[in-house]
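Letter by letter, the chains look like this.
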Amino acid sequence: MKALVIYHSKTNNTKSIAEIIAKQLKTEAIPINLLEKKGRGTKEEQEKEKELFNDALNKSKDFDLIIIGTPTSFQKAHSKIIRFVKAVECLKVALFCTYYNKVGTTLTDLEDILKERKIQLVTSYAFDNLKSGQYKELDDKKRKAYFIKAKEFTRKCISLFNK
Ligand SMILES: Cc1cc2nc3c(=O)[nH]c(=O)nc-3n(C[C@H](O)[C@H](O)[C@H](O)COP(=O)(O)O)c2cc1C
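The residue numbering used here restarts from 1 in each chain and proceeds along that chain's sequence as written. In keeping with the predicted nature of the model, local features appear solely for residues at pLDDT of at least 70, side-chain atom pairs appear and are counted solely at 80 or more, and the whole-chain, interface and lining totals rest on all residues.

With that settled, the discussion passes to the site of the ligand. Each residue gets a C-beta atom placed from its backbone. Should that atom fall within 6 Å of a molecule or strand, the residue is termed near it. Contacts to the ligand come from 22 residues, most closely from Ser 9, Asn 13, Thr 14, Pro 71 and Thr 98. At the level of secondary structure, the elements contributing two or more residues to the shell around the ligand comprise helix H1 (13–24) and strand E3 (65–73). When residues are sorted by character, Ala, Val, Leu, Ile, Met, Phe, Trp, Tyr, Cys and Pro go into the nonpolar class, Asp, Glu, Lys and Arg into the charged class, and all the rest, Gly among them, into the polar class. Of the residues in the shell around the ligand, the class split is 6 nonpolar, 12 polar and 4 charged. Where helices and strands are cited, they refer to DSSP runs of H or I of at least four residues and of E of at least two residues respectively, numbered from the N terminus.

Written as structure tokens, this is what we have:
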């Protein structure tokens, strides 16, 4: 199984989880946004993000499983991840999100899009209790707990891939 991780992240939480998953699968974790961008960003930054989005879309075609990660924003997935899920060309997808305490329809909206597009959902998971930028401030014990959850999610992706 060739898997690729694609994510959106503003304050590193989703990125950190994406990188754990990618490492377990010996693959890359690719962002579709620039973390360092402030507000809407400069014209150059917006162009670069378009490029990242399109490169990730193109690259997805070469993999058996695309694992997509999003932060929760006002109880929904990030709008660019919604656009990505509407456009991705692949047969199987696994989803994860990070959130603080109200996940809302973050994952279920994406699951509905996959269903409509007849793309198989392998599994999905919501990593809770993360305030903006909190992952890098966590103590070792709490960080380890996320590491274990991310490893478990990865194992599920592998074991359910062939079902
Ligand atoms: C503008 C904004 C809106 C957010 N909305 C929610 C929300 O509705 N529910 C929730 O539980 N967390 C919410 N959060 C928290 C983020 O989803 C959470 O911190 C996430 O892990 C951030 O991921 P990132 O660091 O990869 O960007 C919000 C954060 C921001 C900045």
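This brings us to the packing of H1 against helix H5 (residues 140–161). Axis separation between H1 and H5 bottoms out at 9 Å; the angle between their running directions is 50°. With respect to each other, H1 and H5 are oriented oblique. You can see that H1 and H5 cross each other, and the crossing is right-handed. Across the interface between the two elements, Ile 17, Ile 20, Ile 21 and Gln 24 from H1 touch Tyr 146, Phe 147, Ala 150, Lys 151, Phe 153 and Thr 154 from H5. Among the residues making up the contact of H1 with H5, the classes are represented as 7 nonpolar, 2 polar and 1 charged. As a rule, the C-alpha atoms of each element are fitted with a line to give its axis, helices using only the stretch in contact, and angles between N-to-C directions run from 0 to 180 degrees. An angle below 35 degrees is read as roughly parallel, one above 145 as roughly antiparallel, one from 65 to 115 as roughly perpendicular, and any other as oblique. Crossings are classed by handedness, with left-handed meaning an anticlockwise turn of the near helix from the far one by less than a right angle and right-handed meaning a clockwise turn. Here contacts are defined at the residue level, using C-beta atoms placed from the backbone and a cut-off of 7 Å between them.

A few words on the nonpolar core. Formed by 39 residues in total, the largest nonpolar core has its most connected members in Val 5, Ile 6, Ile 17, Ile 21, Ile 67 and Ile 68. Beyond its immediate stretch of four places on either side in the chain, Ile 21 contacts Val 5, Ile 67, Ala 150, Phe 153 and Thr 154. Only buried residues count toward a nonpolar core: Ala, Val, Leu, Ile, Met, Phe, Trp, Tyr and Cys, linked into one set through C-beta atoms within 7 Å. Residues are called buried when their C-beta atom has 20 or more other C-beta atoms within 10 Å, exposed when it has 12 or fewer, and partly exposed otherwise; all C-beta atoms are positioned from the backbone.

Within E3, 8 of the 9 residues are buried, which leaves it mostly tucked inside the rest of the structure. For strand E1 (residues 3–7) and E3, the ladder comprises 5 bridges, and the chain directions are parallel. By the bridge assignment, Ile 6 is partnered in E3 with Ile 68. Relative to strand E5 (residues 92–98), E3 runs parallel, the two sharing 7 bridges. If you follow Leu 65 over to E5, its bridge partner there is Lys 92. Any two strands with at least two DSSP bridges between them are considered paired. Two strands pair when backbone bridges link them, and E3 and strand E4 (residues 76–77) are joined in this way by 2 bridges, in the antiparallel orientation.

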